[in-house]
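# Descriptive structure summary
One letter stands for each residue in the lines below.
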Amino acid sequence: MTRKEYDSGIPISPLLSNMENRERGLKKTFLQKSRLIRICLMSVTVAIAISLIAKFLVTLINFVTNVAFYGKIDLAFNSPASNHLGIWVIFIPAIGGIIVGFMALYGSKAIRGHGIPEAMEQILVNESRIKPSITFLKPISSAIAIGTGGPFGAEGPIIATGGALGSTLGQLFKISANERKVILAAGATAGMSAIFGTPIAAVFLAIELLLFEFSPRSILPVALACITGAAGHHLLFGAGPVIEMPNLVTPSNMALAVYSFIGVLIGFLSIGITKVVYLIEDYFEKIPIHWMWYPALGGLAVGVIGYFAPHTLGVGYDNITGILSGNWPIKLLCSLVFLKFLSWAIALGSGTSGGTLAPLLTMGGAAGAIIGSLLISRFPELGITIPMAALIGMSAMFAGASRAYLTSITFALEATMQSHALLPLLGACTAAYIVSFFLMENTIMTEKIARRGVVTPDSYEPDVLQRTKVSEVINNEGIILRVKNTVAEAIELLSLKNIRDGYLITVDDNLKYAGTVKLTDLYVEPADTILRKIIQPDHLLVYKNDSLRIAVELMAKQNGDVLPVVNADDHQVMGVLSYRNIISGYNDQLTENEGARTQISLKRRRMKLLLKRKKPGNGSTQEGV
């Protein structure tokens, strides 16, 4: 019966511990924080290890490059562009592709690709479980592919390696899938931070491409790992900006508008690049040979292009520095845009092991420098500079291709330490992001896994259940029974009210929660049985100011579909919360957030003003009449 239908009866013992679920909540919060400290320590441990692996990867790339292109054993950096192999340079990347193909066939196929999409897929569909073998197969295969002239960066492989290391550690200990995801993301982004010394950009990368959430339990371990990775970069690679360029000056408003326009153009270019990369990958799938040979074919194309344009070979970080200097000729910039893109797209489409960030930065920077040079030659009064145009082109390309918006901006700022570039970067990356968002369904990071049916989250909204209170959704339709009521009375009331809940709420004479009665129990007990004999004192309840998230967790815990709602002051039952109330409240919140309606009616305000002017006694109105 409802609250109005209470009758007198024999009181039973009141609930022994109305605060029991509150104490469980506090204990749960304490345990969660303790586990968070543990996850933070594990993330820092992974970051220390991946910093050393990053140094090993870069050193191994240098070693393979020197052996392959110069025939000497040396660990110092030497660009493959300065080689003197002549036409024989064509076969070096092909040999590297053969080795990578064999490693993928007999080691793990997961080493193929550029790292981030593969990590995203494991997070979304495999509870962040990555094979431990990737931890050493990925850096070795990438070092061979890049060292033999592959047009990739080291950041993709180290991100994949860090993710694999974090996942492996997470599989060795008893932790949840979400905690394993956090450690995976921490290892991946710590690797990026160790390579570039950009911890803030690495944190944003985790949020935008790996974690798909923003909460203390995920951000704290990742941030600590990225800080550790940055410390490893300073220790192992040196301090200072990783990408050096001339000092930039604060741009004028006209220049800001032009830089934003360049961002629009780069946005369209990023869409074309993404489409072509996967178009080439589709063509490779149609070649009637085993996929193991695809990297060799891609390497052969890389070698041919590298013979005519040596600057397209290898990592090309020196290319980025040259582009940002603003002194490179247009012809060289055009070769980096078109030939570097062709070489990289074919190699990536062939399924070899490499990264995307450095090539995208190179192509975007060269395109920005070209557009800036053309605008300066035609309109010198615009006030733009080639280094700034190259920098915003570099960042806008990554923002458009990956839609990692915040990562693109902060990476450029951290890598160059040019604070005056903030507003141009913001304008250009926003423009590129808008173009990409409206004209391209998937990104260069998500297209591959989207083809496999994996849906990638594209928004990180607040938890609707967390911000909605129980008091906002309960109603008076639920039944609250007295423990002295009989089974027959309960059944009669159920037939009148058409109640479908699996459990019924009971209270004592003081209107305090006494327990629940299973609906099925009513039909197996004698009609004159008093409910207090069959109640289940489970002690699970919610307060009216609790969130719906707490209510859902309690329902799941007791496998029930109703909960008593009690007043925090006197602990009296004030209503019944059912799963239908929760669904209805959730739907109302979505409607409120997404529904379009006018809050201020200009037409209604004009009518009020008109009536006010016509009201008798208004001096100004009478004077006008």
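Thresholds, definitions, all that
- Residues numbered from 1 in each chain as written.
- Predicted model: local features only at pLDDT ≥ 70, side-chain atom pairs only at ≥ 80, totals over all residues.
- Heavy atoms only, no water.
- Helix = DSSP H or I, 4+ residues; strand = E, 2+ residues; numbered from the N terminus.
- Buried < 20%, exposed > 50% of the residue type's maximum accessible area, 1.4 Å probe, protein only.
- Contact = heavy atoms within 4.5 Å.
- Pairing = 2+ DSSP bridges.
- Axes fitted to C-alpha atoms, helices over the stretch in contact; angles between N-to-C directions.
- Expected span 1.5 Å × (residues − 1).
- Arc of directions from axis to C-beta.
- Left-handed = near helix turned anticlockwise from the far one by under 90°.
- Nonpolar A, V, L, I, M, F, W, Y, C, P; charged D, E, K, R; others polar.
- Patch = residues over 30% accessible without salt bridge, like charges linked within 9 Å, V, L, I, M, F, W, Y side chains within 5 Å.
- Areas by Shrake-Rupley, 256 points an atom, 1.4 Å probe, with all protein chains shown as cover.
- Salt bridge = Lys/Arg side-chain N within 4 Å of Asp/Glu carboxyl O.
- Phe/Tyr/Trp six-rings, centres within 6.5 Å; stacked < 30°, edge-to-face > 60°.
- Lys NZ or Arg CZ within 6 Å of the ring centre and 35° of its normal.
- Parallel < 35°, antiparallel > 145°, perpendicular 65-115°, else oblique.
- Polar contact = N/O pair within 3.5 Å; in protein donor to acceptor, adjacent residues only side chain to side chain.

### Things to note about the environment of Ile 92
When you line up the elements, Ile 92 lands in helix H2 (residues 91-106). On the basis of relative accessible area, Ile 92 is assigned to the buried category, the value being 14%. When the C-alpha positions of Ile 92 and Thr 65 are compared, they lie 10.0 Å apart, and in sequence the two are 27 residues distant. Not counting chain neighbours up to four residues away, the residues in contact with Ile 92 comprise Ala 68, Phe 69, Leu 85 and Thr 148.

### Points about the sheet that holds strand S3 (residues 513-518)
Taken in spatial order, the three strands make up an open sheet running S1-S2-S3, and their pairing is mixed. Single-partner strands in this sheet number two, and they are strand S1 (480-482) and S3. Here the strands of the sheet are splayed against their neighbours by 40 degrees on average, with no regard to which way each runs. The pairing of strand S2 (residues 503-507) with S3 spans five bridges and is classified as antiparallel. Within S3, the position partnered with Thr 506 by the bridge is Gly 515.

### Section: helix H8 (residues 216-236)
If you check H8, its first and last C-alpha atoms are 30 Å apart, about what 21 residues at 1.5 Å a residue would give, namely 30 Å. Regarding H8, the residues found buried are Ser 218, Ile 219, Pro 221, Val 222, Ala 225, Cys 226, Thr 228, Gly 229, Ala 230, Gly 232 and His 233. Note on H8: the residue one or two positions beyond its end, Gly 238, has a positive phi of about 105 degrees.

### Focus on helix H21 (residues 548-558)
Within H21, burial applies to Leu 548, Ala 551, Leu 554, Met 555 and Gln 558. For H21, the angular spread of the buried residues around the axis is 120 degrees, confining them to a single face. Those residues of H21 that are exposed and angled more than 90 degrees off the buried face are Ala 556 and Lys 557. Taken from the residues just after H21, Asn 559 is the one with a positive phi, measuring 55 degrees.

### Brief notes about the packing of helix H5 (residues 155-172) against helix H6 (residues 177-196)
As a packed pair, H5 and H6 sit with axes 7 Å apart at the nearest point and diverge in direction by 145 degrees. For the crossing formed where H5 meets H6, the hand is right-handed. Of H6, the residues touching H5 (which contributes Glu 155, Ile 158, Ile 159, Gly 162, Gly 163, Gly 166, Ser 167, Gly 170 and Gln 171) are Arg 180, Ile 183, Leu 184, Gly 187, Ala 188, Gly 191, Met 192, Ile 195 and Phe 196. Its residues assigned to classes, the contact of H5 with H6 comprises eight nonpolar, eight polar and two charged.

### Considerations on a nonpolar patch on the surface
On the surface, a cluster of nonpolar side chains totalling about 910 Å² of accessible area is made up of Ile 87, Trp 88, Phe 91, Ile 95, Ile 99, Leu 300, Val 304, Tyr 307 and Phe 308. Inspection of the secondary structure puts Ile 99 in helix H2. With relative accessibility at 37%, the residue Ile 99 sits in the partly exposed group.

### Let's talk about the packing of aromatic side chains
Counted according to the given criterion, the structure contains eleven aromatic pairs. Consider the rings of Tyr 307 and Phe 308, whose centres lie 5.0 Å apart with planes at 80 degrees: the pair is edge-to-face. In this structure Phe 308 comes out as exposed when scored by relative accessible area, which is 66%. Aromatic pair Phe 437 and Phe 438: ring centres 5.3 Å apart, planes at 85 degrees, arrangement edge-to-face. Relative accessible area serves as the criterion here: at 64%, Phe 438 is assigned to the exposed category. The aromatic ring of Phe 237 is capped on one face by Lys 55, whose charged end is 5.0 Å from the ring centroid. Taking NZ or CZ as reference, Lys 72 lies 5.8 Å from the ring centre of Tyr 70, over its face.

### Notes on the pattern of salt bridges
Here the idea is simple: oppositely charged side chains can pair when their charged atoms come close. Under the counting rule described, the total for this entry stands at four salt bridges. In this structure, Glu 179 engages Arg 35 in a salt bridge whose closest nitrogen and oxygen atoms are separated by 2.6 Å. Remark: Arg 35 occurs in helix H1 (residues 20-70) and Glu 179 occurs in helix H6; sequence separation between them is 144 residues. When its relative accessible area of 12% is taken as the criterion, Glu 179 is described as buried. The partly exposed category is assigned to Arg 35, whose relative accessible area is 33%. Here the salt bridges share partners, and the residues they tie into one network are Asp 282, Glu 447 and Arg 451.

### Thoughts on the packing of helix H9 (residues 253-285) against helix H14 (residues 386-402)
The N-to-C vectors of H9 and H14 enclose an angle of 45 degrees; their axes lie 8 Å apart at closest approach. Put simply, H9 runs oblique to H14. In the crossing of H9 with H14, the sense of the turn from one axis to the other is right-handed. Residue-level inspection shows Tyr 259, Ile 262, Gly 263, Ile 266, Leu 269, Ser 270, Ile 273 and Thr 274 of H9 in contact with H14, the latter providing Met 388, Ala 389, Ile 392, Gly 393, Ala 396, Met 397, Gly 400 and Ala 401. Along the lines of polarity and charge, the residues of the contact of H9 with H14 split into eleven nonpolar, five polar and no charged.

### Describing the side chain of Arg 403
Turning to its location among the elements, Arg 403 is positioned in the loop between H14 and helix H15 (405-416). Of the polar contacts made by the side chain of Arg 403, one reaches the side chain of Ser 436; its length is 2.9 Å. Looking at Arg 403, its side chain comes within polar contact range of the main-chain oxygen of Met 440, at 3.1 Å. In this structure, Arg 403 is in contact with Glu 208, Phe 398, Tyr 433, Ser 436, Phe 437, Met 440, Glu 441, Asn 442 and Thr 443, ignoring residues within four places of it in sequence.

### Details of unusual backbone geometry
A positive phi angle is found at Arg 403, which is not glycine, with a value near 55 degrees. Given a relative accessible area of 15%, Arg 403 falls into the buried group. Notably, Met 417 is not glycine yet its phi reads approximately 55 degrees, a positive angle. Within the fold, Met 417 resides in the loop between H15 and helix H16 (422-439). According to the relative accessible area criterion, Met 417 is exposed, its value standing at 54%.

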